[in-house]
Every structure is written in structure tokens, then in C-alpha cells.
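Residues per chain are reported as follows:
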Amino acid sequence: MVNFRTDILPLKDALFRLALRILQSREEAEDVVQETMLKVWARREQWNNIENIEAFTMTICRNLSLDHLKRLDNQHASLDDETFSLMEGTGNNITPFDHVVSQNRIELVQQIINSLPEKQRSCVQLRDIEGKPYKDIANILNISEEQVKVNIFRARQTIRQRFQQMEDFKGKEQ
């Protein structure tokens, strides 16, 4: 028996991160999460027939985010630094210089991820940032698990290559 308070409401943070990753706007992401919750609530009679309520909810959020993105044409805004705070180490011996270098690298990776095709961007977000298994990603994006793996492989390869090119370019400038 699916319960809104225990099964769906706890997904709001993951939904927000997904919407934020796609829309790159906190306000728009909040709107999409609210709209997602309303749509899921409106389909409450179907909840017990849905195999994976989380994948169902994430799919609605993704589709609404893409719809908003098309309407807003908001592809050039940058993500809030909070989105990638999980990627940054939290050691006690970090100097201010190390912190700045780390922030610059995170921003560079953000820019590279933002430039990826939408499917690759979504796969990387769901796998590397949200920690979702391949099967759930496939359900959310409505693609095969094999295609998820291919998109993640290509995205990581592109990120690695572009990051290395940028680091090499910065090294030559100095």
C-alpha cells in the first residue's frame, strides 16, 4: 500500500535535484516539484498498480522539467553550487588555496556537464549525483539499461577529455 507521506513526500529532495539539474533554476525547479507532487496525487487511485512509485514520480518530474525547459529556453543559466557540494571533499586540512582550486575544478566540471546532450546529462545526474541504479535510470528516462550505460560511458569520457583539455590549456597559459 503506497502512502503519500511515507513513500512519495520523501522524494521531494531528489525530485528537486533532478529538476534543478535539467532547468538550472531554483525557482523553476521548485515549481516543477510542486507540479509533480500534484500530478502524482491526482493519480493516487493508480498507485498500487505501479511497480516502482519512485521511478514513476521521477519520470513525471523529468518530463515536466523538459516541458518547462522548452517553454523557457533556459539552457545557459548555471547551477547553484549546493548541487555539487556532494562532489567536494570535506577534509579538515584544506587551505584557502586548495578550496579555491577545488571550487574552480567543480565549476569546470559543472560547465562540461551542462554542455552534454540532455540524455547524457540526465544519466550522469541520476547515476553519479543521485546514486540511482541503472534499472531505475532506465525506467525514469524510458530507455534501456544498455542505453543508460552507453550514455554514462560517453558522458564520463567527454567530461574526462574536456577537463583534461582545459587543465592542459590552463597549464600552458601559466
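Residue positions are given per chain, counted from 1 along the sequence in the order it is written. Where totals are concerned, whole chains, interfaces and linings use all residues; where local detail is concerned, this predicted model gives features only for residues with pLDDT of at least 70, and gives and counts side-chain atom pairs only at 80 or more. Each side-chain value is derived from all of the structure's non-hydrogen atoms; neither hydrogens nor water enter the calculation.

(A) Local environment of helix H2 (residues 12-23). The terminal C-alpha atoms of H2, which comprises 12 residues, lie 16 Å apart, in line with the 16 Å expected from a rise of 1.5 Å per residue. Think of it in three bands: residues with accessible area under 20% of the maximum for their type are buried, residues over 50% are exposed, and the middle band is partly exposed, with areas taken using a 1.4 Å probe on protein chains only. Helix and strand definitions follow DSSP, with helices as H or I runs of at least four residues and strands as E runs of at least two, each counted in order from the N terminus. Restricting attention to buried positions, one finds in H2 the residues Ala14, Leu15, Phe16, Leu18, Ala19, Leu20, Arg21, Ile22 and Leu23. Backbone geometry just downstream of H2 places Gln24 in the positive-phi region, at approximately 60°. Expected helix span is taken as 1.5 Å per residue step, with the number of steps being one fewer than the number of residues.

(B) Broad picture of the confidence of the model for the protein. Looking at any residue, its pLDDT shows the predictor's confidence there, from 0 to 100. Averaged over the protein, the pLDDT score is 81; the fraction of residues at 70 or greater is 83%. Contact between two residues is taken to exist if any of their heavy atoms lie within 4.5 Å; hydrogens are not considered. Contacts from residues 74-91, a stretch scored under 50 in pLDDT, to residues over four places away or in other chains number 35 contacts.

(C) Local environment of helix H3 (residues 26-42). With 17 residues, H3 extends 24 Å between its outermost C-alpha atoms, agreeing within 8% with the 24 Å of an ideal straight helix rising 1.5 Å per residue. Those residues of H3 that sit buried are Glu28, Ala29, Val32, Val33, Thr36, Met37 and Val40.

(D) Fine view of unusual backbone geometry. One non-glycine residue with positive phi stands out, namely Gln24, at about 60°. Note on placement: Gln24 falls in the loop between H2 and H3. Among the residues examined, Gln24 registers a relative accessible area of 5% and is labelled buried. Its identity as a non-glycine residue notwithstanding, Asn142 has a phi of 60°, on the positive side. Mapped onto the elements, Asn142 comes out in the loop between helix H7 (134-141) and helix H8 (145-173).

(E) Spotlight on the side chain of Arg121. Looking at the element boundaries, Arg121 is found in helix H6 (residues 118-129). No salt bridge is formed by the buried Arg121; the nearest opposite charge belongs to Glu118, separated by 5.5 Å. Ignoring sequence-local partners within four residues, the contact set of Arg121 consists of Arg21, Ile113, Asn114 and Leu116. Charge counting follows a simple rule: Lys and Arg are positive, Asp and Glu are negative, and His as well as the terminal groups are ignored. Any Lys or Arg side-chain nitrogen found within 4 Å of a carboxyl oxygen on Asp or Glu counts as a salt bridge.

(F) The arrangement of the packing of H6 against H7 in detail. At a minimum axis separation of 10 Å, H6 and H7 run at an interaxial angle of 140°. Our classification of the angle between H6 and H7 gives oblique. The handedness of the crossing between H6 and H7 comes out as right-handed. Taking contact as the criterion, the partners of Lys119, Ser122, Cys123, Leu126 and Arg127 in H6 are, on H7, Tyr134, Ile137, Ile140 and Leu141. Residue type decides the class: Asp, Glu, Lys and Arg count as charged, Ala, Val, Leu, Ile, Met, Phe, Trp, Tyr, Cys and Pro as nonpolar, and the leftover types, Gly among them, as polar. Considered class by class, the residues forming the contact of H6 with H7 number six nonpolar, one polar and two charged. All axes are obtained by fitting lines to C-alpha atoms, using only the stretch in contact for helices, and the reported angles, taken between N-to-C directions, cover 0 to 180 degrees. Convention used here: angles under 35 degrees read as roughly parallel, angles over 145 as roughly antiparallel, angles from 65 to 115 as roughly perpendicular, and any remaining angle as oblique. Should the near helix be turned anticlockwise from the far one by less than a right angle, the crossing is left-handed, and should it be turned clockwise, the crossing is right-handed.

(G) Spatial organisation of the environment of Ile53. On the secondary structure map, Ile53 appears in helix H4 (residues 53-72). C-alpha separation for the pair Ile53 and Val40, spaced 13 residues apart in sequence, amounts to 9.3 Å. With residues near it in sequence (within four places) discarded, Ile53 still touches Val2, Ile8 and Trp47.

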